[in-house]
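Breakdown of the fold
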Amino acid sequence: MSVTMCQTMGFLVSALGFAGIIVATALDPWSTQDLYDNPVTAVFQYQGLWKSCVQESSGFTECRPYYTILGLPAMFQAVRALMIVGIVLGGIGLLVAIFSMKCIRIGSMEDSAKANITLTSGIMFILAGLCSIIGVSVFANMLVTNFWMTTANMYTGGAISGMGGMGGLQTLQTRYTFGAALFVGWVAGGLTMIGGVMMCIACRGLMPEESNYKAVSYHVSTKTPAYKTSAYDEKSKKSIYNESRRSEDGKSYPSKYDYV
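Conventions adopted
Residues numbered from 1 in each chain as written. Predicted model: local features only at pLDDT ≥ 70, side-chain atom pairs only at ≥ 80, totals over all residues. Heavy atoms only, no water. Helix = DSSP H or I, 4+ residues; strand = E, 2+ residues; numbered from the N terminus. Expected span 1.5 Å × (residues − 1). Buried < 20%, exposed > 50% of the residue type's maximum accessible area, 1.4 Å probe, protein only. Pairing = 2+ DSSP bridges. Axes fitted to C-alpha atoms, helices over the stretch in contact; angles between N-to-C directions. Disulfide = S-S within 2.5 Å. pLDDT = per-residue confidence, 0-100. Contact = heavy atoms within 4.5 Å. Parallel < 35°, antiparallel > 145°, perpendicular 65-115°, else oblique. Left-handed = near helix turned anticlockwise from the far one by under 90°. Nonpolar A, V, L, I, M, F, W, Y, C, P; charged D, E, K, R; others polar. Patch = residues over 30% accessible without salt bridge, like charges linked within 9 Å, V, L, I, M, F, W, Y side chains within 5 Å. Areas by Shrake-Rupley, 256 points an atom, 1.4 Å probe, with all protein chains shown as cover. Salt bridge = Lys/Arg side-chain N within 4 Å of Asp/Glu carboxyl O. Core = buried A, V, L, I, M, F, W, Y, C linked by side-chain atoms within 4.5 Å. Phe/Tyr/Trp six-rings, centres within 6.5 Å; stacked < 30°, edge-to-face > 60°.

This brings us to helix 1 (residues 3–26). Between the first and last C-alpha of helix 1 there are 35 Å, a value that for 24 residues agrees with the 34 Å anticipated at 1.5 Å per step. Residues of helix 1 that are buried: C6, Q7, G10, F11, V13, S14, G17, F18, G20, I21, A24 and T25.

Set out below in structure tokens:
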């Protein structure tokens with residue numbers, strides 16, 4: 001797979017996952033009423049991060065937002081914070097990834113700068129996916145704990161077993177199970193992480209290749225005779241140019257070297 005293809009696929013997968021995180025955060029059915037013991041009911045309840053809703057058999061739905069913040073459980077507020085942080089990181093990573101695309105030229109930006117920007121966006125996508133997965137998993141753990149606690153409290157036979165033989169009396173309590181938003185959040189977080197990993201892989205291909213030259217040391221062999229400059233000096237001293245001195249009137253006079 002080429003670098004451009006890997007980067008483009010990572011960007012598209014991350015963008016799809018980021019959109020899924022937004023949808024999962026905005027959806028209402030994070031927890032839905034369990035209809036295992038009562039499949040036919042006139043009222044169906046489900047809850048989200050921002051409001052709780054009641055749907056009647058006629059199709060009419062009424063939702064009531066949470067007007068309080070301090071009255072909500074701490075884990076519930078932590079899930080809210082994780083999903084919001086995931087959206088913020090995903091949005092920043094998406095904007096950064098647009099400028100890091102190899103098919104987009106902005107001024108005289110070098111490939112090394114694009115590689116660093118690609119790595120930054122990939123890390124942000126991975127963190128956004130982790131926030132989404134952790135937030136959804138924490139909410140799912142809360143649902144599982146409340147589900148089994150509610151199931152244990154539904155049967156109060158041990159507490160009133162001696163009261164007229166009414167042991168095993170079942171009280172009506174609402175149990176909640178996983179809603180559709182949880183599965184959307186898990187899938188969206190996984191897609192965002194996969195896209196971030198692909199962006200990080202594409203970063204290595206965008207880095208310019210460094211030319212590494214191996215240093216070679218040359219050693220002068222001891223057997224090789226050294227250059228002797230004395231012979232050249234002696235030869236240059238022996239070669240004497242016989243030049244005739246000319247006077248100003250054009251006559252030449254013999255020099256002392258002409259009679260050697």
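Attention shifts here to the sheet that holds strand 2 (residues 43–47). With respect to topology, 5 strands assemble into an open sheet ordered 4-3-2-1-5, the strand pairing being antiparallel. Pairing within the sheet leaves two strands with one partner each, and these edge strands are strand 4 (61–65) and strand 5 (176–178). For this sheet, the mean angle separating the axes of adjacent strands, direction not counted, is 25 degrees. In this structure, strand 3 (residues 51–56) lies alongside strand 4, joined through 5 bridges in antiparallel fashion. Along strand 4, the bridge assignment pairs C53 with C63.

The final tally for this structure, using the stated rule, is 1 disulfide. Bridging C53 to C63, the disulfide has an S-S length of 2.1 Å. Sign of the S-S torsion, about 105 degrees for the bond between C53 and C63, identifies this disulfide as right-handed. Of this pair, C53 sits in strand 3 while C63 is found in strand 4, placing the two residues 10 residues apart along the sequence. For C63, a relative accessible area of 32% translates into the label partly exposed. In this structure C6 is a free cysteine whose sulfur lies 9.8 Å from that of C200, the closest cysteine sulfur available.

Looking now at the confidence of the model for the chain. Here the chain averages 75 in pLDDT, and 63% of its residues register 70 or above. By mean pLDDT, strand 6 (residues 245–246) is the weakest element of the chain at 47, and helix 2 (residues 74–100) is the strongest at 92. Ignoring residues within four places in sequence, the model shows residues 157–171, a span with pLDDT below 50, making 15 contacts including any to other chains. This model gives residues 211–216 a pLDDT under 50, and the stretch forms 0 contacts once residues within four places in sequence are excluded.

The interhelical angle for the contact between helix 1 and helix 2, taken along N-to-C directions, is 155 degrees, at an axis separation of 10 Å. Taken together, the axis directions place helix 1 and helix 2 in an arrangement best described as roughly antiparallel. The element helix 1 and its partner helix 2 pack so that their crossing is left-handed. For the pair helix 1 and helix 2, the contacting residues are Q7, F11, A15, F18, I21, I22 and T25 in the first and M83, I87, G90, G91, L94, A97, I98 and S100 in the second. Partitioning the contact of helix 1 with helix 2 into residue classes produces 10 nonpolar, 5 polar and no charged.

This next bit is on a nonpolar patch on the surface. Side chains of L119, I123, L127, L130 and I134 sit close together on the surface and give an oily, nonpolar patch of about 390 Å² of accessible area. Examined against the element boundaries, I134 turns out to sit in helix 3 (residues 111–154).

The residue A202 is located in helix 4 (residues 180–206) in this model. Sequence separation between A202 and C6 is 196 residues; the distance between their C-alpha atoms is 5.9 Å. Among residues more than four places away in sequence, those in contact with A202 are V3, C6 and Q7.

Turning our attention to the nonpolar core. The biggest cluster of nonpolar side chains holds 16 residues, and the ones touching the most others in it are W30, L49, F76, V79, M83, F139 and L182. Contributions of two or more residues to this core are made by helix 2, helix 3 and helix 4. With 5 residues, helix 3 is the single largest residue contributor to this core. Non-local contacts of F139, meaning those with residues more than four positions away in its chain, are made with W30, S31, L49, F76, V79 and L182. Counting 7 residues, the second largest nonpolar core, distinct from the first, contains F11, F18, A97 and M101.

Our focus in this paragraph is the packing of aromatic side chains. Enumeration according to the criterion identifies 6 aromatic pairs in this entry. Where F178 meets F183, the ring centres are 6.4 Å apart and the plane angle is 70 degrees; that geometry is what we call edge-to-face. For F178, a relative accessible area of 31% gives the class partly exposed. Between F183 and W186, the aromatic rings sit 5.9 Å apart at their centres with planes inclined by 65 degrees, giving edge-to-face as the arrangement. Placement of both F183 and W186 in helix 4 is noted, with a separation of 3 residues, approximately one turn of the helix. Accessibility expressed as a relative area gives 45% for F183, which makes it partly exposed. For W186, a relative accessible area of 28% puts it in the partly exposed group.

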